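Coordinate analysis (summary)
Spelled out from the first residue to the last, the chains are:
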Amino acid sequence: GQQVMQIPQYQHVQEGEDFTTYCNSSTTLSNIQWYKQRPGGHPVFLIQLVKSGEVKKQKRLTFQFGEAKKNSSLHITATQTTDVGTYFCAGSFGTASKLTFGTGTRLQVTL
Amino acid sequence: DARVTQTPRDKVTEMGQEVTMRCQPILGHNTVFWYRQTMMQGLELLAYFRNRAPLDDSGMPKDRFSAEMPDATLATLKIQPSEPRDSAVYFCASGLGTIHTGELFFGEGSRLTVL
């Protein structure tokens, strides 16, 4: 079936360090979304990328969609303790199709 | 402040019992998703509705699970009979899908424990 893989599974950083999570699919994606889930919470939408090579920024977060639309990344600059949580990518493989979530990357930030 | 509402928030039941989880999507949203989250499997898609029609339930164990949308304001997920391996957090999410899936708004989840 169509799967979306994410690496790393877990990352522990010191506050102020950068963090990147990567999302990969063997099949071309029609679009990709990113969500953040705080411990004990529910996933919350961050962004959607649609175009090949697209780059979007939200304050310290930078999102990229690969040229082949098979991979994506989320980069956080100068992490803060408020960035703690699990980051999921979620992809669609066709128009108006279901959203398949990646395996998630759990980020831990310590002072 | 529009939100997806799920009930119950927590459910503890014994193996073999029927469990029904309910979801009220955000008014006007045309897509509804049911996901199951466990530590081992992450977020698994169980069912997907668009305009109340079931489009994909390939991730759902058909022998014991069923998902329905009796009307635009209610989605249900039923497990009968429940088993300990069904213990998980079940999330409902709704969205306004067009050509692309669009942003999903998640409910707070129903935590199910089957003893």
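The structure reproduced in this document is the subject of the present report. (Residues numbered from 1 in each chain as written. Chains lettered and ligands numbered in written order. Predicted model: local features only at pLDDT ≥ 70, side-chain atom pairs only at ≥ 80, totals over all residues. Heavy atoms only, no water.)

**Concerning the overall build of chain B**
As a reminder of what qualifies: Helix numbering and strand numbering both begin at the N terminus, where a helix is a DSSP run of H or I of at least 4 residues and a strand a DSSP run of E of at least 2. Between the two quantities, the radius of gyration covers C-alpha atoms and the globule rule is 2.2 Å times the number of residues to the power 0.38. Each residue is assigned to one of three classes by its accessible area relative to the maximum for its type, calculated with a 1.4 Å probe on protein chains only: buried under 20%, partly exposed between the two thresholds, exposed over 50%. Note on definitions: a residue-residue contact is assigned when non-hydrogen atoms from the two residues lie within 4.5 Å. Shrake-Rupley sampling with a 1.4 Å probe provides the accessible areas, and residues are treated as covered by the protein chains on show and by no other component. For the charge count, each Lys or Arg is scored as positive and each Asp or Glu as negative, with His and the chain ends excluded. Think of each charge as sitting on NZ of Lys, CZ of Arg, CG of Asp or CD of Glu.
Along its length, chain B carries zero helices and 11 strands. Listing the helices and strands of chain B from first to last along the sequence gives β-β-β-β-β-β-β-β-β-β-β. Taken over the C-alpha trace, chain B has a radius of gyration of 13 Å; the compact-globule value for 115 residues is 13 Å, and the two agree within 12%. Across its three principal directions, the C-alpha atoms of chain B cover 40 × 30 × 30 Å. Looking at chain B as a whole, 49% of its 115 residues qualify as buried. By sequence separation, contacts in chain B at least 24 residues apart represent 54% of the contacts at least 6 residues apart. If you sum the accessible surface of chain B, you get close to 5900 Å²; carbon and sulfur atoms cover 51% of it. Placing the 12 positive and 14 negative side-chain charges of chain B at their respective mean positions leaves the two points 1 Å apart.

**Observations concerning the packing of aromatic side chains**
Filter applied, for reference: For Phe, Tyr and Trp, rings pair up if their centres lie within 6.5 Å, where Trp contributes its six-membered ring, and each pair is then called stacked (planes under 30 degrees apart), edge-to-face (over 60) or tilted (otherwise).
Counted by the stated rule, this structure contains 11 aromatic pairs over all chains. A ring pair is formed by Tyr35 of chain A and Phe45 of chain A, whose centres lie 5.6 Å apart and whose planes are at 75 degrees; its orientation type is edge-to-face. Linking Tyr35 of chain A in strand E4 (residues 31-37) with Phe45 of chain A in strand E5 (residues 44-49), this pair joins segments that are 10 residues apart in sequence. The same class applies to Tyr35 of chain A and to Phe45 of chain A, which are both buried. Between Tyr35 of chain B and Phe106 of chain B, the ring centres sit 5.9 Å apart and the planes meet at 35 degrees, which makes this aromatic pair tilted. Here the residue Tyr35 of chain B occupies a position in strand E4 (residues 31-38), and Phe106 of chain B occupies one in strand E10 (residues 104-106), the gap between them amounting to 71 residues. Phe106 of chain B carries the same exposure label as Tyr35 of chain B, and that label is buried. Aromatic ring contacts, followed pair by pair, group Tyr35, Phe45, Phe88 and Phe101 of chain A together with Phe33, Tyr35, Tyr48, Phe91 and Phe106 of chain B into a single cluster.

**Describing the interface of chain B and chain A**
Rules: Here the quantity called buried area is the total loss of accessible area, with a 1.4 Å probe, experienced by two parts when brought into contact, counted for both. Each salt bridge in this description consists of a side-chain nitrogen of Lys or Arg and a carboxyl oxygen of Asp or Glu lying within 4 Å of one another. By the criterion applied in these results, polar contacts are pairs of N or O atoms within 3.5 Å in which, for protein atoms, one can donate a hydrogen and the other can accept it, and in which residues neighboring in sequence qualify only through two side-chain atoms.
Between chain B and chain A, the residue contacts involve 20 residues of the former and 19 residues of the latter. The junction of chain B with chain A conceals about 1600 Å² of combined surface from both sides, 58% of it contributed by carbon and sulfur atoms. Our count for the chain B to chain A interface comes out at one salt bridge. Our enumeration of links across chain B and chain A arrives at six residue pairs in polar contact (both at pLDDT 80 or more). Here the side of chain B that touches chain A takes four residues from strand E5 (residues 42-50) of chain B, the largest share from any one element.

**Structural notes on the pairing of strand E9 (residues 88-95) of chain B**
Residues and elements named next belong to chain B. Our working definition: Following DSSP output, two strands are said to pair if at least two bridges run between them.
Of all eight residues in E9, eight are buried, a share of seventy percent or more. Neither face of E9 is exposed, since Ala88, Tyr90, Cys92 and Ser94 on one face and Val89, Phe91, Ala93 and Gly95 on the opposite face are all buried. Note that E4 and E9 share seven bridges and pair antiparallel. Residue pairing for E9: Gln37 is matched across the bridge by Val89.

**Structural notes on the side chain of Thr79 of chain A**
Relative to the helices and strands, Thr79 of chain A resides in the loop between strand E8 (71-76) and strand E9 (85-92). A polar contact of 3.4 Å, which involves the side chain of Thr79 of chain A, links it to the backbone oxygen of Gln14 of chain A.

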